[in-house]
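One-letter residues, chain by chain:
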Amino acid sequence: AALQALAAHPRIDRNRIGIMGFSKGAVSALMVSHERLLSGKGLPDGLRYALHIPIYPTCYAHYHQPRTTGAPIYLLLGGADTYAGVEPCTTYGETLRQAGARIEVKVYADAPHGFDGGVAYNTPTGENYSRCVAVQRADGTYVERTSGAVVGTSGPDGWLVLGREATKVIGACRTLGVSGGPNERARVQAMEDVKSYVRRHLLGG
């Protein structure tokens, strides 16, 4: 709906609409790069986001043979992110690259979750799902990567739909303790990297 609204605005070039998000918003920015999650949504022919910049998302769902829209993806991660995790996204980023996606992954060393600003926090009792990764198989079912237990199936639009056993399985891979906070060096570098990427891939300069 947001893409359609922007594309209809007379002062906006519909071919240069990008999407960027942080944390949960980054999950959305990454997922809408997947063609099958957009097809059938009533978008005008050829209308897709021209650029995707997910910043420290959680990569909890790994799709089988993923196919992106072809738009460039710039995945920015904190090397010390213990909340969303780092490895699930670097692994999935490589899966996307091997499937033909135009993706770059950059990891900022020593940067925690939320490195771009805010206040540092540490909640020992916070639920942490960074180790829970659902990998889709060829038959459309999803298995939790560590245990191999089935946690869900694909819905009509391709999204992961958790099954009845998911609570038990996810409870086993869940840990306690969440933390994050600013890292000025990473924040400054990331914003410069974002501006450079946008200039190259969205503004054509």
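Above this text you will find the structure in question.
Residues numbered from 1 in each chain as written. Predicted model: local features only at pLDDT ≥ 70, side-chain atom pairs only at ≥ 80, totals over all residues. Heavy atoms only, no water.

Draft legend 1. Broad picture of helix 6 (residues 184-201). An ideal rise of 1.5 Å per residue puts 26 Å on 18 residues; helix 6 measures up with 26 Å between its terminal C-alpha atoms. Taken together, the buried positions of helix 6 are occupied by Ala 186, Ala 190, Asp 193, Val 194 and Tyr 197. Along helix 6, the residues classed as buried sweep out an arc of 105° about the axis, all on the same side. (Helix = DSSP H or I, 4+ residues; strand = E, 2+ residues; numbered from the N terminus. Expected span 1.5 Å × (residues − 1). Buried < 20%, exposed > 50% of the residue type's maximum accessible area, 1.4 Å probe, protein only. Arc of directions from axis to C-beta.)

Draft legend 2. Just the state of the cysteines, in detail. Scanning the model with the defined rule gives two disulfides in all. In this model, Cys 59 is linked to Cys 89 through a disulfide, with the two sulfur atoms separated by 2.0 Å. On the sign convention where negative is left-handed, the bridge of Cys 59 and Cys 89, at about 95° about the S-S bond, is right-handed. Here the residue Cys 59 occupies a position in the loop between strand 2 (51-55) and strand 3 (61-62), and Cys 89 occupies one in helix 4 (residues 87-98), the gap between them amounting to 30 residues. Here Cys 89 falls in the buried class, since its relative accessible area comes to 0%. A sulfur-sulfur separation of 2.0 Å characterises the disulfide bridge that pairs Cys 132 with Cys 173. On the S-S bond that ties Cys 132 to Cys 173, the torsion sits near 115°, and the link is right-handed. With Cys 132 in the loop between strand 6 (121-128) and strand 7 (134-136) and Cys 173 in helix 5 (residues 166-173), the pair connects residues that are 41 residues apart, well separated along the chain. (Disulfide = S-S within 2.5 Å.)

Draft legend 3. Geometry of the packing of aromatic side chains. Applying the stated criterion to the full structure yields six aromatic pairs. An angle of 75° between the planes, with centres 6.3 Å apart, marks the rings of Tyr 63 and Tyr 142 as edge-to-face. Here Tyr 142 lies in strand 8 (residues 142-144) and Tyr 63 lies in the loop between strand 3 and strand 4 (73-78), a separation of 79 residues in the sequence. According to the relative accessible area criterion, Tyr 63 is buried, its value standing at 3%. Judged by its relative accessible area of 0%, Tyr 142 falls in the buried class. Here the aromatic rings of Tyr 108 and Phe 115 are separated by 5.5 Å at their centres, their planes lie at 55°, and the arrangement is tilted. By the burial criterion, Tyr 108 is buried, and Phe 115 matches it. (Phe/Tyr/Trp six-rings, centres within 6.5 Å; stacked < 30°, edge-to-face > 60°.)

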